[in-house]
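Structural features, examined
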Amino acid sequence: ALIQQAASPTNWTRASTASSYIEPIVRTRNNIHVITRSLVTRILLSNTNGLTATGVEFSRNGQTYQVNARREVILSAGGTNSPQILMLSGIGPRQHLQDMGISVQMDLPVGNNLMDHILIPIDYLVQNQSDIQWSRNLDQIMTVQNLYEYYVNNNGPLVQLPTVLTYHSSRFNDNPDWPDGIRATLTSQIGANISSILADYGQNVDEWADYWGGLAGDQRHFWVFYAVYRPRSRGTVRLASNNPRDAPLIDPNYFAENYDLGVVVDTMSTGMRMTEQPFFRQFARIYNRTIPGCQ
């Protein structure tokens, strides 16, 4: 299956709300002001004629500022920080806000219904390093010439998207025309220094060091990612405290629904059968070390 990427036709970067709508006008419009290095602490609310957002409070360089809106406030802080800001402002589950010492402005199930793709990477090695043309090897790719080609001419290896996605409809899918699994092939090298990778592991660190050590600096490496495309499990976002600088508590609640586990197993087993076929094994094979915890 083919997937469309939202990318700029002029410089081949991934398109975002900012690059599509803000950057083209930010230098020519006098009614848009972008403030960086600022932290929104709460939404200002009025409760005279029903609860109304009237502005935003934010901190910058140790100072607190309030900006009032003439018409409306648009909250666009993503799936984690949007509920965090709402709850800090007093909009959220009543008991949770009271536990955090926040005055309740409106009792709503803010922070519920968190959906997240479950993504499992499996490591592979190509038989011949030359089979991977695109590489993240900094010495070969991030050269002055390639950077010049990218930024000035919008050309060269840095405009490539080294990813292939295949949609998979699992045997548990009740709508086969709407796939519920994904296999993604991504070329990316593991750096020679694996300390930054190991920092993400809270357990089995020595085993993971041995696992990643076998891949460190090996430019034959690539991943096949297996993902649940339409998860049914639902998690939550909650406040850790009433301090806006404290990261919120994210509970993805993975595999709360057995359906998601079934999709993962079906998608992975189908993909692994494919990668064990003689044709594929001419070019690449799975990294032959046991994943820590999966002995």
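Residues numbered from 1 in each chain as written. Predicted model: local features only at pLDDT ≥ 70, side-chain atom pairs only at ≥ 80, totals over all residues. Heavy atoms only, no water.

For clarity, the threshold we go by: UniProt positions are given in the numbering used here, feature names are shortened, and annotations may be inferred rather than shown by experiment.
Named according to an unreviewed UniProt entry, the protein is Glucose-methanol-choline oxidoreductase N-terminal domain-containing protein originating from Medioppia subpectinata. Listed in UniProt under the heading Cofactor (unreviewed entry), the comment for the protein reads: "FAD".

**Looking at the nonpolar core**
To keep things clear, this is the line we draw: For our purposes a nonpolar core is just a set of buried Ala, Val, Leu, Ile, Met, Phe, Trp, Tyr and Cys residues, chained together by side-chain atoms within 4.5 Å. Classification of residues uses two cut-offs on accessible area relative to the type maximum, computed with a 1.4 Å probe and protein chains only: under 20% is buried, over 50% is exposed, and between them is partly exposed. Counting from the N terminus, the helices are the DSSP runs of H or I reaching at least four residues and the strands are the DSSP runs of E reaching at least two. A contact between two residues is defined here by any heavy atoms of the two lying within 4.5 Å.
Grouped together as the largest cluster of nonpolar side chains are 16 residues, with contacts concentrated most on I190, Y211, W212, L215 and W223. For this core, the secondary structure elements donating two or more residues are strand 8 (181-187), helix 7 (205-213) and strand 9 (221-228). Setting aside residues up to four positions removed in sequence, Y211 forms contacts with D123, Y287, R289, T290, I291 and P292. Residues Y124, V224, Y259 and V264 belong to the second largest nonpolar core, which totals 14 residues.

**Re the environment of S76**
Positionally, S76 belongs in the loop between strand 3 (63-68) and helix 2 (78-88). Distance from S76 to R37, taken between C-alpha atoms, is 16 Å for residues 39 residues apart in sequence.

**Section: helix 2**
Within helix 2 the residues assigned to the buried category are S82, P83, Q84, I85, M87 and L88. On its buried side, helix 2 packs onto strand 1 (39-46), strand 4 (91-92), helix 3 (94-99) and strand 10 (236-238). Downstream of helix 2 by a residue or two, G90 has a phi angle that is positive, lying close to 95°.

**With respect to the packing of aromatic side chains**
We count it as follows: Pairing of aromatic rings covers Phe, Tyr and Trp, the last counted by its six-membered ring, and requires centre-to-centre distances within 6.5 Å; plane angles under 30 degrees mean stacked, over 60 mean edge-to-face, and any other angle means tilted. We call a charge positioned above a ring when the Lys NZ or Arg CZ atom is no farther than 6 Å from the ring centre and deviates by at most 35 degrees from the ring normal.
A full pass over the atoms with the stated rule returns 12 aromatic pairs. Taken together, a centroid distance of 5.6 Å and an interplanar angle of 20° make the contact between Y124 and F222 stacked. Here the residue Y124 occupies a position in strand 6 (residues 119-126), and F222 occupies one in strand 9, the gap between them amounting to 98 residues. Both residues of the pair, Y124 and F222, count as buried. Aromatic pair W208 and W212: ring centres 6.2 Å apart, planes at 20°, arrangement stacked. With W208 and W212 both in helix 7, this residue pair falls four residues apart, about one helical turn. Here W208 and W212 have matching classes, each one buried. Members of the aromatic cluster, each reached through a chain of ring pairs, are Y201, W208, Y211, W212 and Y287. Note that R230 overlies the ring of W178, its terminal NZ or CZ placed 4.0 Å from the centroid. Over the ring of Y259 we find R232, and its NZ or CZ is 3.5 Å from the ring centre.

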